[in-house]
Amino acid sequence: MGFEVLFKGSNMLRLLSGMLVALRISLISVLISIVFGVALGSLMSLKKPAITVASKIYLEFIRIMPQMVLLFLVYFGTTKALGINMSAETASIIVFSLWGTAEMSDLVRGALGGIPAIQYESSYSLGMTTFQTYVYVIIPQIIRRMLPLSINLITRMIKTTSLVMMIGIVEVLKVGQQIIEANRKSSPNAAFGVYATVFLLYFVVCYVISMFSKHLEKKWKN
Amino acid sequence: MEEILNISNLTKRYDDLVVLDHVNLSVKKGEVIVLVGTSGCGKSTFLRCINALEKIQEGKVSLDGEVINPAGGKLNTVRERIGMVFQSYDLFPHKTVLQNMILAPVKVKKINKKEAEKEALALLDRVGLLSKKDSYPHQLSGGQKQRVAIVRALMMHPEVLLLDEITAALDPEMVREVLDVVISLAREGRTMIIVTHELTFARAVADRMIFIDGGKIVEEGSPEEFFNHPKTDRLKKFLDSFSYD
Ligand SMILES: Nc1ncnc2c1ncn2[C@@H]1O[C@H](COP(=O)(O)OP(=O)(O)OP(=O)(O)O)[C@@H](O)[C@H]1O
Ligand SMILES: [Mg+2]
């Protein structure tokens, strides 16, 4: 079945460290996206025309663009046009953060908009400050509302990291190709075993994340 | 009796729309005032101005001599001294009944959690909801939620309680249980300003009735004068709009 190549030399270890590269890129991007997404989403909720228009354009631009085109644009485009020399990993983190920030800000805006004004006002009426109101009343509700959709976004981001090999990053899929390539003669069936393993790795990561989210959702059901 | 709340020349505008036009009102300690008027006449706005949830353009609101909502000024920091209950969506959905009640006392008044809980449980017992202390708002009926909202406001020991149509969103069979709580608060001498469309309740609970129309207090008086001998045509017309004969 082609699984035997995985046990040759350090192949399995290489595959795992490829997965780590993918996870590192997504984790950093997710963190950046959360920070900027929350900031941008909050700004959008102020409903200032200039911010609304600018963020709409940004959001639509990111949504229309295939992630791969964005990757090429940032990695090859900026290097050539602006003379900036950035590593492929930096370029992918930028692209994934741009994407994640756009999507996350829209989620934050939606969640904020769904909270009735009375929630703020009854908190103020109890003597709570604006800061206390956000920390104890609004943000916990926002997090609960956003959880399922953010998890969905995060898993989509993780899956999409498979594209970064197109700009030369050796992540799990690329490692897989290399292993298959190197064992073309000795194990002609390696493709199945290797890709199935890659599939399993992605599955395990995304499954763990979605189980964690299900657990929180259940805990917060009330 | 001594004055607790003073509203003088309160004027509230939204752009060109004058909602409240130089309104004056003095509320005595322990007095229960019921505010009525047609929809959109500015009753909610009036309560919100008192609690400094709205900026006002002219006049001022003072609580026990301290200005709490000056015209054009910064909104107050003594809101905790005035309690307010709204029509619905008051309770924080991610917190249990008990957590809802102790949040502000613990965070704002820095009261010890155990003590706050003890007081909360006593209040819940009083409104017949002790068994619901660990329930979440979505597990309560509308009437139960409003009773919790009232006792949550009481946890801050407010000097004045503002109630804005707190039974308007309830099914008819739940109105009574909430209004009974309000009546018991009136009996123990709480100062309250109540907006309601329940005129029978108003008659029972009010020390003074106030009718707002056109941004002004058009008529005020004891419930007996107000309902039985209205002086102005506008109030007569308003009261007539409630009867079907
Ligand atoms: N944020 C706002 N911006 C502009 N106009 C407002 C705003 N809030 C209220 N108004 C207007 O102020 C007027 C008074 O509103 P308010 O809610 O105080 O009326 P109300 O007497 O409480 O009515 P109801 O009995 O329907 O609750 C209304 O004409 C309303 O349209
Ligand atoms: Mg109203």
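Predicted model, so just to flag it, every value in this text is computed and none were measured. (Residues numbered from 1 in each chain as written. Chains lettered and ligands numbered in written order. Predicted model: local features only at pLDDT ≥ 70, side-chain atom pairs only at ≥ 80, totals over all residues. Heavy atoms only, no water.)

Looking at the overall build of chain A
The helix and strand tally for chain A stands at eight helices and zero strands. Ordered by position in the sequence, the α and β elements of chain A form the string α-α-α-α-α-α-α-α. Taking all 222 residues of chain A together, 45% fall into the buried category. Taking as baseline every contact in chain A between residues at least 6 positions apart, the subset at least 24 positions apart corresponds to 77%. Summed over all atoms, the accessible surface of chain A reaches about 11,600 Å², with 72% contributed by carbon and sulfur. With 20 positive and 9 negative side-chain charges, chain A shows a separation of 3 Å between the mean positions of the two kinds. (Helix = DSSP H or I, 4+ residues; strand = E, 2+ residues; numbered from the N terminus. Buried < 20%, exposed > 50% of the residue type's maximum accessible area, 1.4 Å probe, protein only. Contact = heavy atoms within 4.5 Å. Areas by Shrake-Rupley, 256 points an atom, 1.4 Å probe, with all protein chains shown as cover. Lys, Arg positive; Asp, Glu negative; His and termini not counted. Charge placed at Lys NZ, Arg CZ, Asp CG, Glu CD.)

Side note on the interface of chain B and chain A
Contacts between the two partners involve 27 residues from chain B and, on the opposite side, 19 residues from chain A. Buried area between chain B and chain A, summed over both chains or domains, comes out near 1,900 Å², and the portion from carbon and sulfur atoms is 62%. At the junction of chain B and chain A, the tally comes to one salt bridge. The partner of E121 of chain A in a salt bridge is R48 of chain B, with the nearest N and O atoms 2.6 Å apart. Linking chain B to chain A there are seven residue pairs in polar contact (both at pLDDT 80 or more). Of all the secondary structure elements, the ones that give two or more residues to the side of chain B that touches chain A are β6 (82-85), α2 (97-107) and α4 (142-154) of chain B. (Buried area = accessible area lost by both parts, 1.4 Å probe. Salt bridge = Lys/Arg side-chain N within 4 Å of Asp/Glu carboxyl O. Polar contact = N/O pair within 3.5 Å; in protein donor to acceptor, adjacent residues only side chain to side chain.)

Focus: the sheet that holds β6 of chain B
Residue and element names in this part refer to chain B. Ordered in space as β6-β7-β8-β3-β9-β10, the six strands form an open sheet in which the pairing is mixed. If you trace the sheet from one side to the other, it starts and ends with β6 and β10 (216-221), each paired once. Averaged over all neighbouring strand pairs, the angle between strand axes comes to 20 degrees, with direction disregarded. Relative to β10, strand β9 (residues 208-213) is paired through five bridges, and the arrangement is antiparallel. Paired with I210 across the bridge in β10 is E220. Running over the sheet, helix α5 (residues 172-187) touches β3 (32-36), β7 (160-164) and β8 (192-195) and is turned about 155 degrees from β8. Against the sheet, helix α8 (residues 233-240) engages β3, β9 and β10, with an angle of about 100 degrees to β9. (Pairing = 2+ DSSP bridges. Axes fitted to C-alpha atoms, helices over the stretch in contact; angles between N-to-C directions.)

Some words on the site of ligand 1
Residues and elements named next belong to chain B. Near ligand 1 lie 13 residues; those nearest to it are S39, G40, K43, S44 and T45. Within the contact set of ligand 1, an oxygen atom lies 2.7 Å away from a backbone nitrogen or oxygen of G40. One nitrogen or oxygen atom from the side chain of E165 is found 3.2 Å from an oxygen atom belonging to ligand 1. Its free accessible area being 640 Å², ligand 1 has 58% of it covered by the protein chains. (Near = heavy atom within 4 Å.)

Regarding the pairing of β3 of chain B
All names here are of chain B. Of all five residues in β3, five are buried, a share of seventy percent or more. Where burial is concerned, the two faces of β3 agree: the one with V32, V34 and V36 and the one with I33 and L35 are both buried. Two elements, β3 and β8, share four bridges in a ladder whose sense is parallel. Across the sheet, V34 pairs through a bridge with I194, a residue of β8. Where β3 and β9 come together, four bridges link them in parallel fashion. In the sheet register, I33 faces β9, and the bridge partner there is R208.

A short note on the pattern of salt bridges
All names here are of chain A. Going through the model one piece at a time under the given rule, you end up with 23 salt bridges over all chains. Across the salt bridge formed by R63 and D106, the nearest N and O atoms sit 3.1 Å from each other. With R63 in helix α2 (residues 49-64) and D106 in helix α4 (residues 88-113), this pair connects stretches of sequence that are 43 residues apart. By relative accessible area, R63 is classed as partly exposed at 39%.

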